[in-house]
Amino acid sequence: MSTTAARTGTLMTLASMSCVQLGVAASVGLFDRVGPTGVAWLRLAWAGVILLVAVRPRPRSFSRRGLLGAVALGVVIAGVTMLFLSAVERLPLGTASALEFLGPLGVAVARSRGRRMLAWPALAAVGVLLLTEPWHGGVDAVGVLLALGAAGCWASYILLSQAVGDEVTGLQGLAVSLGVAGAVSTVVAGPSVIGAMDWQLLVVGIGLALLLPVVPFTLEFLALRRLTTAAFGTLMSLEPAIAAVVGLLLLHQVPGAWPVAGVLFVVAAGIGAERTGARHDVAVPVPSDPAQGVGMSSSPLRSR
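Conventions we followed
Residues numbered from 1 in each chain as written. Predicted model: local features only at pLDDT ≥ 70, side-chain atom pairs only at ≥ 80, totals over all residues. Heavy atoms only, no water. pLDDT = per-residue confidence, 0-100. Helix = DSSP H or I, 4+ residues; strand = E, 2+ residues; numbered from the N terminus. Contact = heavy atoms within 4.5 Å. Buried < 20%, exposed > 50% of the residue type's maximum accessible area, 1.4 Å probe, protein only. Polar contact = N/O pair within 3.5 Å; in protein donor to acceptor, adjacent residues only side chain to side chain. Salt bridge = Lys/Arg side-chain N within 4 Å of Asp/Glu carboxyl O. Phe/Tyr/Trp six-rings, centres within 6.5 Å; stacked < 30°, edge-to-face > 60°. Axes fitted to C-alpha atoms, helices over the stretch in contact; angles between N-to-C directions. Parallel < 35°, antiparallel > 145°, perpendicular 65-115°, else oblique. Left-handed = near helix turned anticlockwise from the far one by under 90°. Nonpolar A, V, L, I, M, F, W, Y, C, P; charged D, E, K, R; others polar. Patch = residues over 30% accessible without salt bridge, like charges linked within 9 Å, V, L, I, M, F, W, Y side chains within 5 Å. Areas by Shrake-Rupley, 256 points an atom, 1.4 Å probe, with all protein chains shown as cover.

Student: Would you explain the confidence of the model for the chain in this entry?
Tutor: Parts of the prediction with low pLDDT should not have their coordinates interpreted in detail. Summing up the model confidence of the chain, the mean pLDDT is 84 and the portion of residues at 70 or higher is 88%. Summarising per-element confidence for the chain, the mean pLDDT is lowest in helix α10 (residues 229–236) (82) and highest in helix α11 (residues 239–250) (95). Low pLDDT, under 50, characterises residues 278–300; the predicted model gives this stretch 56 contacts beyond four residues in sequence or across chains.

This is the structure:
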């Protein structure tokens, strides 16, 4: 890995995480109009349409296992998006992001070996306590549960993306998954928000879909061609900190000293786990048709 490639990959990864958090912050402004699940539907529906049209997945490219995996992945993508946005409605962005990050942290720890890995969940647990400050008695328990549900979906996303990536080359699996996610979110949220739709909201939805997940996914796929899995995962561990900064600057969510320390604990746990728990057994598939893009990654990519 050359220095130039590593630098470019690092910038792409940081830009991707920034797009994700900017997309979430932009979504908050629409909660009063269509609610968090309505915003999730708006984003996922457009993202599914955009990728299905752009990629045009071919049915013959999928094995039965690959197609079932892509469908399951789409259900998980819908779950993580709706649960996370519902959590953000109740919790500060930095807190919700840090709690959600427990999902990929758990996967990194579970796939690794050695007793020293037990230090990272312990560090993350301390971070969660500092984030939620239960001694004050004011924690939003529903918000915490929603964020932890999103964490479970993110963990499932990582495992399913590995399975789909091993079966399907290029962005075709992702296109099918986002199409399914759009359909699932339509069933869950569509009936309650379609009546509130107007042309302005539909146009905003396209912008939100591009900001998250279309552009971040593209940047992450390109970054993974330049970075090792461990390096990429370590950079991704910075996302809760980026979320806290975006929450402060755009949503005026001023965290206290304990939540700031909690975010730092979770970030440190994520960096430690990713550096020692990266997956090495499966390489990213190289497509025979370059126009189809790279294979789906085993790293913690996500759509929320």
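From this point on, the discussion continues.
Student: Please clarify how the environment of Val260 should be interpreted in this entry.
Tutor: Inspection of the secondary structure assignment puts Val260 in helix α12 (residues 257–277). The class for Val260 is partly exposed, based on a relative accessible area of 36%. Distance from Val260 to Thr95, taken between C-alpha atoms, is 8.9 Å for residues 165 residues apart in sequence.

Student: Is there a simple way to think about the environment of Ser18 in this case?
Tutor: Mapped onto the elements, Ser18 comes out in helix α1 (residues 3–28). A relative accessible area of 28% means that Ser18 is categorised as partly exposed. For Ser18, the side chain forms a polar contact with the main-chain oxygen of Leu14, separated by 2.9 Å.

Student: Would you take a moment to explain the pattern of salt bridges for this structure?
Tutor: Opposite charge on two side chains lets them pair, provided their charged atoms get close. Within the structure shown, the criterion is met by three salt bridges. For Asp140, the salt bridge goes to Arg90, with nearest N and O atoms at 3.5 Å. With Asp140 in the loop between α6 (119–132) and α7 (141–167) and Arg90 in the loop between α3 (64–88) and α4 (93–100), the pair connects residues that are 50 residues apart, well separated along the chain. For Asp140, a relative accessible area of 23% translates into the label partly exposed.

Student: Help me out: how do you make sense of the packing of aromatic side chains in this one?
Tutor: Here the structure, examined in full by the defined rule, presents one aromatic pair. For the pair Phe101 and Trp154, a centre-to-centre distance of 5.8 Å together with 75 degrees between the ring planes defines the contact as edge-to-face. With Phe101 in the loop between α4 and α5 (102–110) and Trp154 in helix α7, this pair connects stretches of sequence that are 53 residues apart. We classify Phe101 as buried; its relative accessible area is 2%.

Student: So what exactly am I meant to see when it comes to the packing of helix α2 (residues 31–55) against helix α9 (residues 199–223) here?
Tutor: Contact pair α2 / α9: the axes reach a minimum separation of 8 Å and the direction vectors enclose 70 degrees. Taken together, the axis directions place α2 and α9 in an arrangement best described as roughly perpendicular. The handedness of the crossing between α2 and α9 is right-handed. Contact residues: α2 offers Arg33, Val34, Val39, Leu42, Arg43, Trp46, Ala47 and Ile50, while α9 offers Gln200, Leu201, Leu202, Gly205, Ile206, Leu208, Ala209, Leu210, Leu212, Pro213 and Val214.

Student: In this structure, what is going on with unusual backbone geometry? I would like to understand it.
Tutor: Across the junction of Leu212 and Pro213, the peptide omega takes the value 20 degrees, indicating a cis bond. Within the secondary structure, Pro213 is located in helix α9. Residue Arg56 is not a glycine yet carries a positive backbone phi of 50 degrees. As for its placement among the helices and strands, Arg56 is situated in the loop between α2 and α3.

Student: Just checking my understanding: could you explain the side chain of Ser27 for this structure?
Tutor: Take Ser27: it is sitting in helix α1. Accessibility expressed as a relative area gives 0% for Ser27, which makes it buried. What Ser27 contacts, discounting residues up to four positions off in sequence, is Val39, Arg43, Leu85 and Leu208.

Student: Explanation requested: the packing of α4 against α7 in the structure shown.
Tutor: Helices that pack against each other are described as a pair by the angle of their axes relative to one another and the distance between those axes. Put simply, α4 and α7 touch, their axes get as near as 7 Å, and they point 40 degrees apart. With respect to α7, the element α4 is oriented oblique. Crossing handedness for the pair α4 and α7: right-handed. Seen from α4, the contacting residues are Ala96, Leu99 and Glu100; seen from α7, they are Val144, Ala147, Leu148, Ala150, Ala151 and Trp154. Partitioning the contact of α4 with α7 into residue classes produces eight nonpolar, no polar and one charged.

Student: Looking at this model, I keep getting lost on a nonpolar patch on the surface. Mind explaining?
Tutor: Residues Leu22, Val245, Leu248, Leu249, Leu250 and Val254 make up a contiguous nonpolar surface patch of roughly 560 Å² in combined accessible area. At four residues, the largest contribution of residues to the nonpolar patch is made by α11. With respect to the helices, strands and loops of the structure, Leu249 is situated in helix α11. According to the relative accessible area criterion, Leu249 is exposed, its value standing at 58%.

Student: Which parts of the structure should I look at to understand the environment of Val144?
Tutor: Note on placement: Val144 falls in helix α7. We classify Val144 as buried; its relative accessible area is 14%. Measuring from C-alpha to C-alpha, the distance between Val144 and Val88 comes to 9.7 Å, with 56 residues separating the pair along the chain. When neighbours within four sequence positions are excluded, Val144 is seen to be in contact with Leu91, Leu99, Thr132 and Val139.

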